Amino acid sequence: DAIVSYHPDGTVLSWNAAAEKILGYTAAEMIGRNISVLAPPERMHESQHSAWLLQHGKPVPPFESVRIARDGRLVHVQISTSAVRDPAGNVVRIAAILRDVTERKQAEEARAWLAAIVENSNDAIFTRALDGTILSWNAGAERMLGYTAAETIGKPIALTLPPDRPANLARNNESLLRGEVVAR
């Protein structure tokens, strides 16, 4: 995790090796600069707001945001901040831990994109467990097969098949487990 500290006015005071790796700036490049240089324009207020809350004795819950790396790429981060106080109780520095969550965010976006494709497809797309229990059922399956998701999910696949067509679950499962494509 990137561990940095900055003065309540935003001036960076320390910058660890992980911060260099995640954000691309060396400690020499960042110490003395304002922490806000890492924030996109719409996120500039976050460091100031965190500093204000901490100076007024209020907690700052961890939050997710975006920062701009030295090479211009956006880095999704989870940020945790805490106040460092002097003996008189004044906030003299703010410690921040930035965890790179870019890969997780990209995976979530890819999953959402794929889910949107499946849900909006005109094709019947559904999943089933190895025992034949229906796990998911898209709108295309509703239109093509005439059953709603509420009517099918949790029920056996045989419910949706014509009486003259056996499910062939065992044969299909064996093929799937070998990595083969099962058609019809």
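Scroll up to find the structure this text is about.
Predicted model, so just to flag it, every value in this text is computed and none were measured.

**Student:** Would you take a moment to explain the environment of Arg33 for this structure?
**Tutor:** By the element assignment, Arg33 lies in the loop between α2 (27-30) and α3 (45-55). Accessibility expressed as a relative area gives 34% for Arg33, which makes it partly exposed. The sequence separation of Arg33 and Gly10 amounts to 23 residues, and the corresponding C-alpha distance is 8.0 Å. Setting aside its immediate chain neighbours within four residues, Arg33 contacts Gly10, Thr11, Val12 and Tyr25.

**Student:** Sorry, what's going on with the packing of aromatic side chains here?
**Tutor:** The relative placement of two aromatic rings is captured by the distance of their centres and the angle of their planes. Counted according to the given criterion, the structure contains one aromatic pair. Judged by centre distance (5.1 Å) and plane angle (35 degrees), the rings of Phe126 and Trp137 are tilted. Of the two residues, Phe126 is situated in strand β6 (residues 126-128) and Trp137 in strand β7 (residues 134-137); the sequence distance between them amounts to eleven residues. A relative accessible area of 6% means that Trp137 is categorised as buried.

**Student:** How should I be thinking about the nonpolar core in this particular structure?
**Tutor:** In summary, soluble globular proteins display a tendency toward joint burial of nonpolar side chains. Val4, Trp15, Leu23, Ile35, Leu38 and Leu98 are the most contacted members of the largest nonpolar core, which has 25 residues in total. Looking at this core, the elements that each hand over two or more residues are β1 (2-6), β2 (12-15), α1 (17-23), α2, α3, β4 (74-85) and β5 (91-100). Here the element with the most residues in this core is β5; it accounts for four residues. With residues near it in sequence (within four places) discarded, Leu23 still touches Trp15, Leu38, Arg67, Ala69, Arg70 and Val75. Judged by nonpolar contacts, the second largest core, of five residues, contains Ile134, Ala141, Ala149 and Ile157.

**Student:** How should I be thinking about a nonpolar patch on the surface in this particular structure?
**Tutor:** A cluster of nonpolar side chains, Trp113, Leu114 and Ile117, forms an exposed patch at the surface whose accessible area comes to about 350 Å². One can find Trp113 in helix α4 (residues 102-120). You can call Trp113 exposed: its relative accessible area is 60%.

**Student:** Is there a simple way to think about the environment of Val91 in this case?
**Tutor:** Note on placement: Val91 falls in strand β5. A residue is classified by how much of its surface remains accessible, and Val91, at 12% relative accessible area, is buried. Separated by 32 residues in the primary sequence, Val91 and Pro59 have C-alpha atoms spaced 13 Å apart. Contacts of Val91, omitting those with residues within four sequence positions, involve Pro8, Leu54, Gln55, Ala83, Val84 and Arg85.

**Student:** Any chance you could explain the sheet that holds β4 here in plain terms?
**Tutor:** Within a sheet, neighbouring strands are paired by backbone hydrogen bonds and run either parallel or antiparallel to one another. Pairing in this open sheet of five strands is antiparallel, and the strands run β2-β1-β5-β4-β3 from one edge to the other. Since the sheet does not close on itself, it has two edges, and those belong to β2 and β3 (63-68), each with one partner. Here the strands of the sheet are splayed against their neighbours by 35 degrees on average, with no regard to which way each runs. Sheet topology places β1 next to β5; five bridges connect them, and they run antiparallel. The residue of β5 that forms the bridge with Ser5 is Ala95. Across the sheet, α4 is in contact with β3, β4 and β5; its angle to β4 comes to roughly 135 degrees.

Cut-offs applied
- Residues numbered from 1 in each chain as written.
- Predicted model: local features only at pLDDT ≥ 70, side-chain atom pairs only at ≥ 80, totals over all residues.
- Heavy atoms only, no water.
- Helix = DSSP H or I, 4+ residues; strand = E, 2+ residues; numbered from the N terminus.
- Buried < 20%, exposed > 50% of the residue type's maximum accessible area, 1.4 Å probe, protein only.
- Contact = heavy atoms within 4.5 Å.
- Phe/Tyr/Trp six-rings, centres within 6.5 Å; stacked < 30°, edge-to-face > 60°.
- Core = buried A, V, L, I, M, F, W, Y, C linked by side-chain atoms within 4.5 Å.
- Patch = residues over 30% accessible without salt bridge, like charges linked within 9 Å, V, L, I, M, F, W, Y side chains within 5 Å.
- Areas by Shrake-Rupley, 256 points an atom, 1.4 Å probe, with all protein chains shown as cover.
- Salt bridge = Lys/Arg side-chain N within 4 Å of Asp/Glu carboxyl O.
- Pairing = 2+ DSSP bridges.
- Axes fitted to C-alpha atoms, helices over the stretch in contact; angles between N-to-C directions.

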